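Tertiary structure, described
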Amino acid sequence: SNSAPVLPDRCPGMYIGRAHLSLKNIIQLNSNYVTLPLITDQEDCDGAMLMVSTYPLRKHKDPGEDLVDVKDLLGKRIDLIVHVIGAKNIPEQYNNTVYCKYVFKHAEKDVYQTQEMFGSNPEFDYKKRFAFGSLTQQLADYLASANVLTFEVLGKATASDSMPPSPA
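To keep things clear, this report deals only with the structure shown in the data block.

Each value, and the rule that gives it
- Residues numbered from 1 in each chain as written.
- Predicted model: local features only at pLDDT ≥ 70, side-chain atom pairs only at ≥ 80, totals over all residues.
- Heavy atoms only, no water.
- Salt bridge = Lys/Arg side-chain N within 4 Å of Asp/Glu carboxyl O.
- Buried < 20%, exposed > 50% of the residue type's maximum accessible area, 1.4 Å probe, protein only.
- Phe/Tyr/Trp six-rings, centres within 6.5 Å; stacked < 30°, edge-to-face > 60°.
- Helix = DSSP H or I, 4+ residues; strand = E, 2+ residues; numbered from the N terminus.
- Contact = heavy atoms within 4.5 Å.
- Pairing = 2+ DSSP bridges.
- Axes fitted to C-alpha atoms, helices over the stretch in contact; angles between N-to-C directions.

1. Let's talk about the pattern of salt bridges
Scanning the model with the defined rule gives five salt bridges in all. In this structure, Arg77 and Asp79 form a salt bridge, with 2.6 Å as the shortest nitrogen-oxygen distance. Judged by its relative accessible area of 8%, Asp79 falls in the buried class. Each of the salt bridges in this network shares a partner with another, and the network as a whole consists of Arg18, Lys101 and Glu152.

See below:
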């Protein structure tokens, strides 16, 4: 039988780093700026980071105001921004084409992706607004879960996947 070769789980010529993020701050009406270490299974590729900011579009609570009680938000519309700011320390051998994509847990078919950039410290500045029509306790628990967002930063050694034409 002509069985297909088993592909290695890492693509040669590519860097893939992953990070997870909770949106617990959204239901606390706080903004959150984080620098996430990108986890990769490739050797010699540690040290890359992704900078992300998430914030609600409702009024932020005033400094000194008590913690927001989720019960006060139930039934209200929740709007939030996910701002993929940039990455740093992308391995030089993979920095010809760098981009970031992310998904929400349980909605992985909807992929949000930045533009492709060049360099080890790309500034994506990619903002997207999301709205949830009515906050339920279930949705609040979902937003507060540790990996509601999964980010992947991908870096390629070459600008395009196409192989150069072979000489005739």
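2. A short note on the packing of aromatic side chains
Applying the stated criterion to the full structure yields seven aromatic pairs. An aromatic cluster is present here, built from Tyr102, Phe104, Tyr112, Tyr126, Phe130 and Phe151 joined pairwise through their rings.

3. Things to note about the environment of Ala146
Secondary-structure assignment places Ala146 in the loop between α3 (137-144) and β8 (149-156). The exposure class of Ala146 is exposed, given its relative accessible area of 60%. In this structure, the C-alpha to C-alpha distance between Ala146 and His20, residues 126 residues apart in sequence, is 7.1 Å. Ignoring sequence-local partners within four residues, the contact set of Ala146 consists of His20, Leu21 and Ser22.

4. Focus: the sheet that holds strand β7 (residues 126-132)
Reading across from one edge, β2-β3-β4-β7 is the order of the four strands in this open sheet, with antiparallel pairing throughout. Taken across any chain shown, the strands that pair with only one partner, and hence form the sheet edges, are β2 (32-37) and β7. Neighbour to neighbour, the strand axes of the sheet diverge by 20° on average, direction disregarded. Bridge count for strand β4 (residues 78-88) against β7 is seven bridges, and the pairing is antiparallel. Paired with His83 across the bridge in β7 is Lys127.

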